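# Coordinate inspection notes
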Amino acid sequence: MACDYDVLVVGGGPAGALAARTAAQGGLRVLLVDKKSELGTPVQCSGALSAGALDDCDVPADPEFIAEPVFGFLTYSNSGEPSRLDYRAFGRREPLGYVVDRKRFDRYLTRLAAAAGAEVWLKARVVGLARAAGAITAQIERFTDRCAVSARVVVGADGIMSQVGVMAGLRVAAPLGDIASCLQYVVENVETCGLLEIVTGHAHAPGGYAWVFPKGHGMAEVGLGVARDRTDRDARWWLERLMSDSFMAPRFRHARIAEVQGGGVPLSAALKQMVADNVILIGDAARHVNPITGGGIHMAMRDGRLVGAFLTEHLAVTSDCSRQALRSCQARWQAQLGRTHAELYRLRRDIFRSPDPAQQDRALFETLGHYFHPDSKYRKV
Ligand SMILES: Cc1cc2nc3c(=O)[nH]c(=O)nc-3n(C[C@H](O)[C@H](O)[C@H](O)COP(=O)(O)OP(=O)(O)OC[C@H]3O[C@@H](n4cnc5c(N)ncnc54)[C@H](O)[C@@H]3O)c2cc1C
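None of the values given here were measured: they were computed from a predicted structure.

Right, let's talk about unusual backbone geometry for a bit. The residue after threonine 41, namely proline 42, is reached through a cis peptide bond having omega -10°. Take proline 42: it is sitting in the loop between β2 (30-33) and β3 (48-50). Located in the positive-phi region is asparagine 189, a residue other than glycine, with phi close to 65°. Here asparagine 189 is to be found in the loop between β12 (179-188) and β13 (195-199). In this structure asparagine 189 comes out as exposed when scored by relative accessible area, which is 52%. In this model, asparagine 278 sits at a positive phi of 60°, which is unusual for a non-glycine residue. Relative to the assigned elements, asparagine 278 resides in the loop between β17 (275-276) and β18 (279-281).

If you trace the seven strands from one edge of the open sheet to the other, you get β6-β5-β13-β14-β15-β12-β16, paired in mixed fashion. Among the strands making up the open sheet, the edge pair consists of β6 (82-86) and β16 (256-266). The mean angle between the axes of side-by-side strands here comes to 15°, regardless of whether they run parallel or antiparallel. Direction of pairing for β13 relative to strand β14 (residues 209-216): antiparallel, over a ladder of three bridges. Residue isoleucine 198 lies in a different strand from β14, and its bridge partner there is tryptophan 211. Contacts from helix α5 (residues 235-244) reach β12, β13, β14 and β15 (219-227), with the element oriented near 45° to β12.

Conventions adopted
Residues numbered from 1 in each chain as written. Predicted model: local features only at pLDDT ≥ 70, side-chain atom pairs only at ≥ 80, totals over all residues. Heavy atoms only, no water. Helix = DSSP H or I, 4+ residues; strand = E, 2+ residues; numbered from the N terminus. Buried < 20%, exposed > 50% of the residue type's maximum accessible area, 1.4 Å probe, protein only. Pairing = 2+ DSSP bridges. Axes fitted to C-alpha atoms, helices over the stretch in contact; angles between N-to-C directions. Contact = heavy atoms within 4.5 Å.

Structure follows, in structure tokens:
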């Protein structure tokens, strides 16, 4: 069957943009679609990202999307005891990472994909998938019209609520206890110092942690994630409490909320099956988020590159895109990224397995402190 495209990428977040860019660089005919009219909005992310991640994924650290440089970490225990790790104290002058503006960042990445030759459609929602003669056809609602697009492979980079995964018959739902409900306020009038501040402990964010990130222009992001099976209260209750009734409260006395942002983060094991016939899931859709930090941008971009490169090689030699044939993509992911992901998931499970909340708090505080340490093998933002 002659297809309109080799690859249809669904979702213009970091995973989809990098997949589209890499596949287009490999000479494939690529269409990237996103249901949004403006990429990255509404914002559902704090945008903390290491300089190493940009480097690793061949994305220039462009002032176009950088909100604020980051030089280290300030981690607080349940009782508010701080542990400071400022890399400037080790003589480092270059930023360790950045808080990026996700609206600009997603648009930037998609521009890179378009520059590599990918076609991009906004306001285009995939609403159905059907397989025929070894290819796959997507029904797409584009503005007020509906059209059908055929491809050899659909890459589902459509986020935590992946409909591509559901339509392909993959088991994408994560256990409730493995989903963090996250809420953050972008605030004015809160002092920051070029560090990512992280508050651990059950008194502040049960099953997760709270954060204060520098946003630039005198702004900060104050937010938290809570595990949905560890509290009857919602994320908003815990965030209000952090800001008005915790050791941090004096800091927020003059805070003015400029934006409210939120969303779910999968802190779970990776999908057992990320491939189906003519379909590959990546990024949040495949639950490829760091289960300790909740950071998913780097993992999403790496997934995008891995899948783009895989498809370039695979489609050059075969037209077989059955689940069986695409399994080698999952094997490649497993070899490159899967072991580390599984290790981090086990670490998180061990931290929260203890029946004693004080023990959990200590373990999370120590783990995050160590995670960001220069000697850590996981060192990153
Ligand atoms: C509050 C919060 C804070 C976070 N902070 C950080 C952080 O500081 N650092 C970090 O690394 N990670 C952070 N994360 C996680 C990070 O945002 C995600 O892991 C990352 O965005 C995943 O990228 P993705 O490309 O897989 O999916 P997404 O960025 O979710 O992109 C999915 C895209 O698919 C599109 N889409 C969905 N369905 C369809 C459809 N049917 N048709 C067409 N398009 C569709 C959506 O519009 C969207 O643009 C945070 C998450 C939250 C909720």
